[in-house]
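# Structure assessment
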Amino acid sequence: MRRILRSEPRRIFASGGQEVNHKSVDSDVLDSAYVIVDFQSGARAMLELCMFAEASKHQEEVSLVGTRGKLEAFAPSHGTKQDDESEVNFRRCLRSSKFIAEYEERELAESAPRAERELAQKFD
């Protein structure tokens with residue numbers, strides 16, 4: 001995420017545990033977790049880990065969601081040794097230019113008062 005966002009983490013929250021796998025052995029492997037990373041740029045990333053959802057179609061799914069759209073990538077299904085060329089292993093969805101313009105306009109309108117408050121706090 002650091003490479004994609006070109007920003008460093010500012011704050012990290014993580015929670016995980018050994019809920020199903022590795023419970024009966026002495027192991028430091030977590031089989032479930034949530035991690036939220038706030039970046040200096042203002043972006044936020046989240047990782048959800050679940051190593052016991054065996055009924056899922058794909059072994060791994062990665063999604064990036066942002067202002068301009070969503071990108072998803074899928075690893076092969078459980079038990080599959082190689083990619084099935086008939087299966088789509090990624091999906092890209094772009095938001096409309098109207099949505100992006102309205103979003104950026106709202107962000108700009110909200111950021112101006114915030115910047116004024118922050119400046120006023122520096123001089124208080």
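Residues numbered from 1 in each chain as written. Predicted model: local features only at pLDDT ≥ 70, side-chain atom pairs only at ≥ 80, totals over all residues. Heavy atoms only, no water.

Moving on to the confidence of the model for the protein. Overall, the prediction assigns the protein a mean pLDDT of 78, with 82% of residues at 70 or greater. Taken element by element, the protein is modelled with least confidence in strand β6 (residues 90-94), mean pLDDT 71, and with most confidence in strand β1 (residues 9-17), mean pLDDT 94. (pLDDT = per-residue confidence, 0-100. Helix = DSSP H or I, 4+ residues; strand = E, 2+ residues; numbered from the N terminus.)

On to the pairing of strand β3 (residues 44-50). Remember that side chains alternate between the two faces of the sheet whenever the strand is regular. Sheet topology places strand β2 (residues 32-39) next to β3; 7 bridges connect them, and they run antiparallel. Each bridged residue has a counterpart across the sheet, and for Val35 the counterpart in β3 is Leu47. Here β2 hands over to β3 after 4 residues, with Gly42 in that stretch at a positive phi of 100°. (Pairing = 2+ DSSP bridges.)

With respect to the helices and strands, Asp31 occurs in the loop between β1 and β2. What makes Asp31 buried here is its relative accessible area of 0%. Among the polar contacts made by the side chain of Asp31, one reaches the main-chain amide nitrogen of Val20 at a distance of 2.6 Å. Each residue touching Asp31, except ones within four places of it in the same chain, is listed here: Gly17, Gln18, Glu19, Val20, Asn21, Leu49, Cys50, Met51 and Phe52. (Buried < 20%, exposed > 50% of the residue type's maximum accessible area, 1.4 Å probe, protein only. Polar contact = N/O pair within 3.5 Å; in protein donor to acceptor, adjacent residues only side chain to side chain. Contact = heavy atoms within 4.5 Å.)

Pairing is antiparallel in the open sheet, where 3 strands are placed in the order β1-β2-β3. If you trace the sheet from one side to the other, it starts and ends with β1 and β3, each paired once. Across the sheet, the mean angle from the axis of one strand to that of its neighbour is 10°, orientation sign disregarded. (Axes fitted to C-alpha atoms, helices over the stretch in contact; angles between N-to-C directions.)

What follows covers the environment of Arg68. Tracing the chain through its elements places Arg68 in the loop between β4 (61-66) and β5 (69-74). Ignoring any residue separated from it by four or fewer positions in sequence, one finds Arg68 in contact with Cys93, Leu94, Arg95, Ile100 and Glu104.

Mapped onto the fold, Ser32 is located in strand β2. Those residues in contact with Ser32 that sit more than four places away from it in its chain are Ser15, Gly16, Gly17, Glu19, Leu49 and Phe52.

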